[in-house]
Amino acid sequence: MHSGDKEEFLKEFGEDYGYPNGPKSIDEIRATEFKRLENGTVYLDHAGATLYSELQMEAIFKDFTTNVYGNPHSQSDASSATSDIVKEARQQVLDYFSASPKDYKCIFTSGATAALKLVGEAFPWTHQSSFMYTMENHNSVLGIREYALSRGAAAFAIDLEEAAEHGELSKNPKTVMKVCLHQLQRRKGATFPERDPAGDAHNLFAFPSECNFSGSTFNLDLVNIMKKNPERILEGSPFSKGCWMVLIDAAKGCVTQPPDLSKYPADFVVMSFYKIFGYPTGLGALIVRNDAAKLLKKTYFSGGTVAASIADIDFVKRRQVIEELFEDGTASFLSVASIRHGFNLINSLTVSAISWHTASLATYVRKMLLTLRHENGAAVCTLYGSHTSKVSHRDTGPVVTFNLKRSDGSWFGYHEVEKLASLSGIQLRTGCFCNPGACAKYLGLSHSDLLSNIEAGHICWDDNDVIHGKPTGAVRVSFGYMSTYEEAKKFIDFIQGSFVSLPNKSANGYLSRAISIHLSPEGIERRISPLKYFIKSVTVYPIKSCAGFSVEHWPLCSTGLLHDREWLLKSQTGEILTQKKVPEMCLISTYIDLKQEIFSVESPHCRDKLQINLKQDSVNSGIEEVDVQAQRYEVHGYTNEVDSWFSKAIGRPCSLLRCLRPKSRGCMNKSKSSGMCRDLDSKLNFTNEGQFLLISDESISDLNSRLSSKTGAKKVTHGTPVQVSPKRFRPNLVISGGEPYAEDGWRNLKIGNNYFTSLGGCNRCQMINFACEDGHVQKSNEPLATLASYRRLKGKILFGILLRYEVTELDKTSYLEVGQEIHVNLE
């Protein structure tokens, strides 16, 4: 990192960056309170959850180990002390929002979502009520719609254009804002009713103080307009009548710009504490105006919310104090006691200083991303949100959301960005961030696009990041009070090094010369020379994600190698277990004796070897169905003794299942577009995509050479360079002969009398970074990080090829054998 780069940054942002007037500089904060980040981890998901300070946690631990806190629903000394702490915490929350205790109360909840749910279920909805919300709202806000619609109220979304970029709306509302009303929603085909002429209906308007998708802020003067003169927003609409109440989702915005309730008297404000100072999670608050709280209709009562109740008759007397009325059960009083230590930390720095610090980093990243260009001059980055050069960086939030384009205009998938960032030690967030309205708005996704994506199998948090040429989500980086320039610079360097096309790099990122040669017609012409290839090793993996065993020869069947991936482990919750989730699975060794028809399994965590008769004498009677990689299988389980052995081997309850037959080879994408389903025509056991995985010894050698010479490569014991063996990639076939990556250009293979078709390259994942050595599992960034530097193609990191066995009637006794020659057809 050039010192001149930071000097330029400080020239522009030095007054705001790093707390120059604070009790500690940013460097001191990192050195004393975030030592756990000294390993090079760059954490850029503070909008998801910020990091707790180590000194903050030390203060909490000292507090808890010094004082005695008891259940506050009592009169003991310990309970009274706890009640005092809870009251103090409520006041700290109100102070944070400049809310007078005469006007507002603080109700503790399990998070912002629980606070929103409380409002939705207790709001006085009628068939004359309306629920209005901005498109840019979190799912937890949209969920209030269910309560409104179920009780006969109307619901509709609005778009507020340009509201975040101008001064107060009250000055000139007709020029600073355009309001677009979306379609009216009612349940059970209800028609638009006559409004109550008395205007007594209660309506609710919800908006975020800061959009968690784009980081755009909403002008809080909306509160005063909607409460005093809703006609200015709902001009000419009958929905402007009645009493409008306002809810602010401040879960994201309150981190750097908490709404000032003395100026903007919203009726409801929700927040979560871990967004502000990292700990505790599972605790939030609803800040509610006293007059609004009196309108809420609570149905359920519980311990702590009643003054008295009689068990055998319909009698209950509820408590009158607002907080006690709405906090069901015993409050999470230890969590409540811990928040004062978080507030002490934030207050020592001041919210304004935190806001300026994080805004300086976000503004720097936005500016740098916008300067990136491919070799042909095409822009690399598309930013989302209402951030413009006309707005002072102090008025922008700490969030940067974007997508990246190749030089040909096609999109890099956000999953590819996240995958490569993780390999570089950068933690960020991708997807729609539970904000479907903002996601659709900024990505330009119509209702038909969204429904088409859902029909193609796309759901939240999956890997389908580009469908029909459009991104389904975005990449988000966000900064916290402890973020540094060095982290922002490392992120920019990562984007530039991984996604910007330069004269010596492909527009697809790092596309290896080997791939381009062997997949091009010219490369195929050169490769027709009579080179000899032969099988160096054959490996069978009976249990998905467990270790395999090598053989000299092995029978073939319609699903590939006999018994390959014929078993799997399933958790008690129905989850299919793999090494990515349970790395210890690689320590389970397997072997099948075909003559004795015995399947043997061993583990360093189990004293005895497990032996299973292939004739199924250990099978339980039940047959069930499971889904693996969009494929449905009929399977059978085993006895409790077998399941107990595997549970002990991996350290968690699980069961062993054996594949009887696939029900049908389904495809998530009905159009069967490339990349969704690779091998629809072949029979598969529990493999992900192809019946066989083939890699070449020469390709492994080339990779190890790159690992040895890689600048700054991590060393293992005794200073030996990182090296990987073929088994790290779990291949069925290791072949030898020819040049590295020659297999990329193969189309068809003949081995003995057996024919195979190449399905293309195998997309590698984090699983190859697990190394099983001496009974222990170690994880690093290699070899995936090195492969990513030269084996990337259209979002995939390719190594090895997948094969399909072309079965004929003459193949009943076919087998593969070490030493067999491989005849390659490149056409």
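Named according to an unreviewed UniProt entry, the protein chain is Molybdenum cofactor sulfurase originating from Melia azedarach.

1. Some details on the state of the cysteines
Tallied over the full model, the rule gives two disulfides. The disulfide partner of C432 is C439, and the gap between their sulfur atoms is 2.0 Å. As the torsion about the S-S bond is roughly -45°, the C432-C439 disulfide counts as left-handed. Classification of C432 as partly exposed rests on a relative accessible area of 21%. Overall, the relative accessible area of 2% leaves C439 in the buried class.

2. Considering the pairing of strand β26 (residues 610-613)
The alternating pattern of β26 places L610 and I612 on a buried face, while none of Q611 and N613, on the opposite face, is buried. In this structure, strand β25 (residues 598-602) lies alongside β26, joined through four bridges in antiparallel fashion. Bridging from a neighbouring strand, S600 pairs with Q611 of β26.

3. So, the environment of R791
By secondary structure assignment, the location of R791 is in the loop between α23 (784-788) and β36 (792-793). Expressed as a C-alpha distance, the spacing of R791 and N763, which sit 28 residues apart in the sequence, is 9.8 Å. A distance of 2.9 Å separates the side chain of R791 from the side chain of D744, its partner in a polar contact. Within the structure, the side chain of R791 is placed 2.9 Å from the backbone oxygen of L798, a separation counted as a polar contact.

4. Focus on the sheet that holds β25
Spatial ordering of the open sheet is given by β24-β25-β26, a layout of three strands whose pairing is antiparallel. Looking at which strands have only one partner, the edges of the open sheet turn out to be β24 (589-593) and β26. Pairwise comparison of adjacent strand axes, ignoring direction, gives a mean angle of 20° for this sheet. As judged from the five bridges shared by β24 and β25, these two strands associate in the antiparallel manner. Along β25, the bridge assignment pairs I592 with F599.

5. Things to note about the sheet that holds strand β6 (residues 202-208)
The strands making up a sheet associate through backbone hydrogen bonding, with each pair oriented either parallel or antiparallel. Taken in spatial order, the eight strands make up an open sheet running β2-β9-β8-β7-β6-β3-β4-β5, and their pairing is mixed. The strands lining the two open edges of the sheet, one partner per strand, are β2 (104-109) and β5 (178-181). Put simply, the sheet's adjacent strands are angled 20° from each other on average, direction ignored. Two strands pair when backbone bridges link them, and strand β3 (residues 130-134) and β6 are joined in this way by three bridges, in the parallel orientation. From the neighbouring strand, F131 faces β6, where its bridge partner is L204. Together, β3, β4 (154-161), β6 and β7 (243-249) form the strand contacts of helix α9 (residues 221-228), whose direction differs from that of β7 by roughly 160°.

Calculation criteria
- Residues numbered from 1 in each chain as written.
- Predicted model: local features only at pLDDT ≥ 70, side-chain atom pairs only at ≥ 80, totals over all residues.
- Heavy atoms only, no water.
- Disulfide = S-S within 2.5 Å.
- Buried < 20%, exposed > 50% of the residue type's maximum accessible area, 1.4 Å probe, protein only.
- Helix = DSSP H or I, 4+ residues; strand = E, 2+ residues; numbered from the N terminus.
- Pairing = 2+ DSSP bridges.
- Polar contact = N/O pair within 3.5 Å; in protein donor to acceptor, adjacent residues only side chain to side chain.
- Axes fitted to C-alpha atoms, helices over the stretch in contact; angles between N-to-C directions.
- Contact = heavy atoms within 4.5 Å.

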